[in-house]
Amino acid sequence: MSEASIPTTIGRSSPETTAAALATAPGFRARHLPTIVLAIVLALLPLVLPNAYYYDVVIRILANAVLAIALNLLIGYCGQISLGHAGFFGLGAYGSAILTTHYDWTAPSALLVSAVVVGLLAWLVARVILRLKGHYLAMATLGLGIIVTIVLTNEASLTGGPDGMSVGDMRIFGLRLYGEKVWYPVFAGLVVVAVVLAGNLVESPAGRALRALHGSEVAARVVGIDTASFKTRVFVLSAVVAAIMGSLTAHYLGFITPQVASFHKSVELVTMAVVGGMASIWGSVFGAALLSLLPDLLAHFEGFETVIFGVILVATMIFLPRGIVPSLARLLRREGR
Amino acid sequence: MLRVENLTKAFGGVTAVSGVSFEVTKGTIHAVIGPNGAGKTTLFNLITGVYTPSSGSIVFEGSEIGGVAPERLAKRGISRTFQNLQVSMNLSAIDNVMTGAHLGLNSGLLAGMIGLPDLGGRERATRIRAAELMEFVGCGAYVAAEARSMPYGALKRLEIARALMANPRILFLDEPAAGLNHTETHEIEDLIAALGKTGITVVLVEHDMKLVMNVSDRIVVLDYGKKLAEGTPAEIRVDPDVVAAYLGAESEGV
Amino acid sequence: MSQFLQLLFSGLTVGATYALAALGFSMIYNASGVINFAQGEFIMLGGMVAAVLTAAGIPLPLAVLAAIVVVALVGLLVEKLAIEPARDADITSIIIITIGVSMIVRGVVEVTLGKGGRALPHFSGETPIAIGGATLLPQSLWVMAVTAVVVAALALFFGRTRVGKGILATAHNRLAAQLVGVDVKKVLLASFGLAAALGAVGGVLIAPIATTSYDAGLMLGLKGFVAATFGGLGSGVGAIAGGLLLGLIETMTAGYLSSSYKDAVPFVLVLVILVVRPRGLFGLGPSERV
Ligand SMILES: Nc1ncnc2c1ncn2[C@@H]1O[C@H](COP(=O)(O)OP(=O)(O)OP(=O)(O)O)[C@@H](O)[C@H]1O
Ligand SMILES: [Mg+2]
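Because the structure is predicted, anything quoted here is derived from the model rather than measured.

Participant: Help me understand the side chain of Thr201 of chain B in this model?
Facilitator: Residues and elements named next belong to chain B. One can find Thr201 in strand β8 (residues 201–205). With a relative accessible area of 0%, Thr201 lands in the buried category. Among residues more than four places away in sequence, those in contact with Thr201 are Met1, Val24, Thr25, Lys26, Gly27, Thr28, Arg169, Ile170 and Leu171.

Participant: In this structure, what is going on with the packing of aromatic side chains? I would like to understand it.
Facilitator: A ring pair, where both rings are aromatic, is described by two values, the distance of the centres and the angle of the planes. Counted under the stated rule, the structure contains twelve aromatic pairs over all chains. Ring centres of Tyr55 of chain A and Tyr184 of chain A lie 5.6 Å apart, and the angle between their planes is 85°; on these two criteria the pair is classed as edge-to-face. Taken as a pair, Tyr55 of chain A in helix α3 (residues 52–77) and Tyr184 of chain A in helix α8 (residues 180–203) lie far apart in primary sequence, 129 residues in all. Tyr55 of chain A sits in the buried class, given a relative accessible area of 6%. Seen in terms of ring centroids, Phe44 of chain B and Phe172 of chain B are 5.1 Å apart; in terms of plane orientation they differ by 80°. Their pairing is edge-to-face. Taken as a pair, Phe44 of chain B in helix α1 (residues 40–47) and Phe172 of chain B in strand β7 (residues 170–174) lie far apart in primary sequence, 128 residues in all. An identical accessibility class is assigned to Phe44 of chain B and Phe172 of chain B; each is buried. Over the aromatic face of Phe230 of chain A sits the side chain of Arg233 of chain A, whose NZ or CZ is 4.4 Å from the ring centroid.

Participant: Please explain the pattern of salt bridges as it appears in this structure.
Facilitator: Applying the stated criterion across every chain yields a total of 23 salt bridges over all chains. We note a salt bridge from Glu187 of chain B to Arg157 of chain B, for which the minimum N-O separation is 2.7 Å. Separated by 30 residues along the polypeptide, Glu187 of chain B in helix α7 (residues 182–197) and Arg157 of chain B in helix α6 (residues 152–165) bring together distant segments of the chain. Among the residues examined, Arg157 of chain B registers a relative accessible area of 7% and is labelled buried. The residue Lys223 of chain C makes a salt bridge to Glu250 of chain C at a minimum N-O spacing of 3.4 Å. A residue pair is termed long-range when its members are at least 10 positions apart, and Lys223 of chain C in helix α9 (residues 217–231) and Glu250 of chain C in helix α10 (residues 236–257) qualify at 27 residues. The pair Lys223 of chain C / Glu250 of chain C is uniform in exposure class, with both members buried. Each member of the salt-bridge network shares a partner with another, and the members are Lys223, Glu250, Lys262 and Asp263 of chain C.

Participant: What is the right way to look at the interface of chain B and chain A in this model?
Facilitator: Accessible area lost upon the coming together of the parts is a frequently used measure of interface size. The interface of chain B with chain A comprises 52 residues on the first partner and 48 residues on the second. Of the roughly 4300 Å² buried between chain B and chain A on both sides combined, carbon and sulfur atoms contribute 64%. On the chain B side of the interface with chain A, the three residues burying the most area are Glu71, Leu109 and Met113 of chain B, jointly 16% of the side's total. Asp95 of chain B is the salt-bridge partner of Arg211 of chain A, the closest N and O atoms lying 3.5 Å from each other. Those elements giving two or more residues to the side of chain B that touches chain A turn out to be α2 (70–75), β6 (78–80), α3 (93–99), α4 (109–113), α5 (122–137) and α6 of chain B. Taken together, the residues that form the side of chain B that touches chain A break down as 25 nonpolar, 13 polar and 14 charged.

Cut-off values and rules
- Residue numbers run consecutively from 1 along every chain, following the written order of its sequence.
- Both sets of labels track the order of writing: A upward for chains, 1 upward for ligands.
- It should be noted that, the model being predicted, local features are given only for residues of pLDDT at least 70 and side-chain atom pairs only at 80 or more, the latter also being counted only at that level, while totals for whole chains, interfaces and linings use all residues.
- Derived side-chain values reflect all non-hydrogen atoms in the structure, with water molecules and hydrogen atoms excluded from consideration.
- We count a stretch as a helix when DSSP gives it H or I for four or more residues in a row; a strand needs E for two or more, and each element gets its number in order from the N terminus.
- Under the scheme applied here, a residue whose accessible area is under 20% of the maximum for its type counts as buried, over 50% as exposed, and between as partly exposed, the area being computed with a 1.4 Å probe on protein chains only.
- The contact criterion used throughout is that any non-hydrogen atoms of two residues lie within 4.5 Å.
- Between rings of Phe, Tyr and Trp, where Trp is taken as its six-membered ring, a pair exists when centres lie within 6.5 Å; planes separated by under 30 degrees are stacked, by over 60 edge-to-face, and by other angles tilted.
- A ring is scored as having a charge over it whenever the NZ atom of a lysine or the CZ atom of an arginine sits within 6 Å of its centre and within 35 degrees of its normal.
- By definition, a salt bridge exists where a carboxyl oxygen of Asp or Glu is found within 4 Å of a side-chain nitrogen of Lys or Arg.
- Defined in terms of a 1.4 Å probe, buried area is the accessible area two parts forfeit on being brought together, summed over both.
- Three classes are used, and their members are as follows: Ala, Val, Leu, Ile, Met, Phe, Trp, Tyr, Cys and Pro are nonpolar, Asp, Glu, Lys and Arg are charged, and the others, Gly among them, are polar.

Here it is in structure tokens:
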């Protein structure tokens, strides 16, 4: 298609219209300032983190943030739910663990191969199940995650069964990644990269297409958006990101159990994306931070963690249905006027 | 440019469109009219690929398009609006219009992530063009608005702008004036007439007879899924079958 | 042959409880379009409350009745406090809400009744009945008989009573139901109460055979969801058929193939069914209109 076929008689350009149009584009500041702030904060954080425990807390937040951002592309932007994403995370984690432990592969090649295999699997599954809508899709993805968990639990000769298995350190370019302080910059870098890439994506024609198909699938198709292809590609993208994060997390933790792929973990990921804010990248970052910290914060309430966790979920969805970050952003904007 | 032959669509027991044939000449404005439930929207859905015909054929510029998916038809220059609004309320107004340019832009995920489509000012040009079209269809006041905060009438125009953004060769408008007041209906009439002058082929479904009679070159009348009559506005106005069908519908209070 | 019969018996027993769970899912889905991920917790709660009460010396029939009433009240409370305020939220948000509710229920049970497993006494003894070389626990008969009675009662309820018809009408067309004077809000409330009570019945019936604990609801709920999807969300017949089928397939797999993979079978099957029939075996929603 070429612009040449635009009948020039339709619509007229005027400086006012052009100015009004350009004013709607997100400005440099709005788009990049928060990212720059995030990068600076992450760079300075080691100055104030007192010990390995705190590094660990932050690393867990960072890893979850990347996962939540990728999942939010699917749920928040594309409007497709997945209740089985921890399955892909688990496959990545165990892929790396098994290939490096039992088959002496190098960590980077194990990570790559796991990611590619998960990508293929996700693609196959997506072609079939993304035809499903709403609850049927929820059921299918949920089932997928549970199947993965059960396989990981039962194939004990490879996976160590329910007790889990240990994973060696990651070596890359002769560098040995070991300990919280070494892993911290890796995860911090990944978060910044994820925020930048996802930010670009959602503002691109592809991102617009995703949001459009969420709003009205038939309208999107009529303007030429291949909705099936977009859903599939985003599903694969988020699955591959989950697999890569799974591999890295496995090496970082040094020990994994089938719980990494559990329904509970899947729900946790969805919750981060949704509570933080659907279709909001910063919401995902915030959601990841909140839900990663919550168990620690609630540890004082002996026994009541689950209850409070549940109450927070329900209350957020009722009182801030778009999620915390978008709802607050709206409030602030209204205050500002 | 478009030839529909013996087109039929049945939903279970209901035959919504039954053996309809007609032809649309390039560069003309064609209207499809008929009482509620006559099958007009279904006809549009068949031609634009939303539904697959039960039988019959649809030939567009020499090739059969019956059952071809809407996204493939978009590439061939078929565009449309909807009777019940299909606007993405989670997008801004201008983003909705910009989606119309989807096929002309690089929509790869990886390309999008590294910011490729922005290069060379394509996005910028698309945005400006979208604002121009919004102005053209008469919702220029909403360039900076969120779709969900727009009134109904403006959203109907927004759909037209989005459809135009795709540079269609043929444009289907399903009840563009439905729910609009007198003045707005007039403006839509002028808009359709203006579109016709630019050489775009327009096919429209509309209940407002004054509008239809004023802008159309040819009219097809459907009743209970069947073609009741076809002709110029002058011919349709005096067609006894049409008059009977409409009077009948009115006396039933439909 | 006797092994087959044995598996058939236990399959039908488990299947009956899945059917009750699936009916609960379908009922709420019909009335509100919501999949209630807390349905499994209703089942767990029913078993737990009855077990605690009998352990405290309350006679079994009374304990069972009390458990069902308590759980029904919890169901009403859930609808009032968590579902109704979020009427306009989208599917994903509502799924999250019901998951949140399930955490609350599970958490409260964990804190108040503890983590240990509990068993309910069998309703009428544990002497197995021998049939064709296989044995059948009296409790299994209870499970099947009560399920049958419940199904019959539901059929009457939906076919004959005003509330029942109201729920069906709402499921069919919310707006139209509202127009002809059905109080949609009350219907929603009733469907939650009823679904919770159904869950409790299932929980009470199965608790003597399988010990129950605070975390038993998750798997039961998921299986019920699978059974409901199997049959087609919202279809009553589908829920019962789906439940029984699921129970049978699961026990047959455990008996003949691999007991470690028996939990995976429902999920594999539901995937296959959804691929072949995206609306389940008996589901027939309208195609989307534009
Ligand atoms: N997806 C569908 N499934 C079943 N029946 C349908 C479907 N779409 C349309 N129908 C039926 O087909 C018939 C024609 O409907 P259609 O919407 O095409 O009429 P219409 O001429 O556009 O009416 P209106 O002027 O009210 O818009 C109606 O009886 C309608 O109920
Ligand atoms: Mg119509």
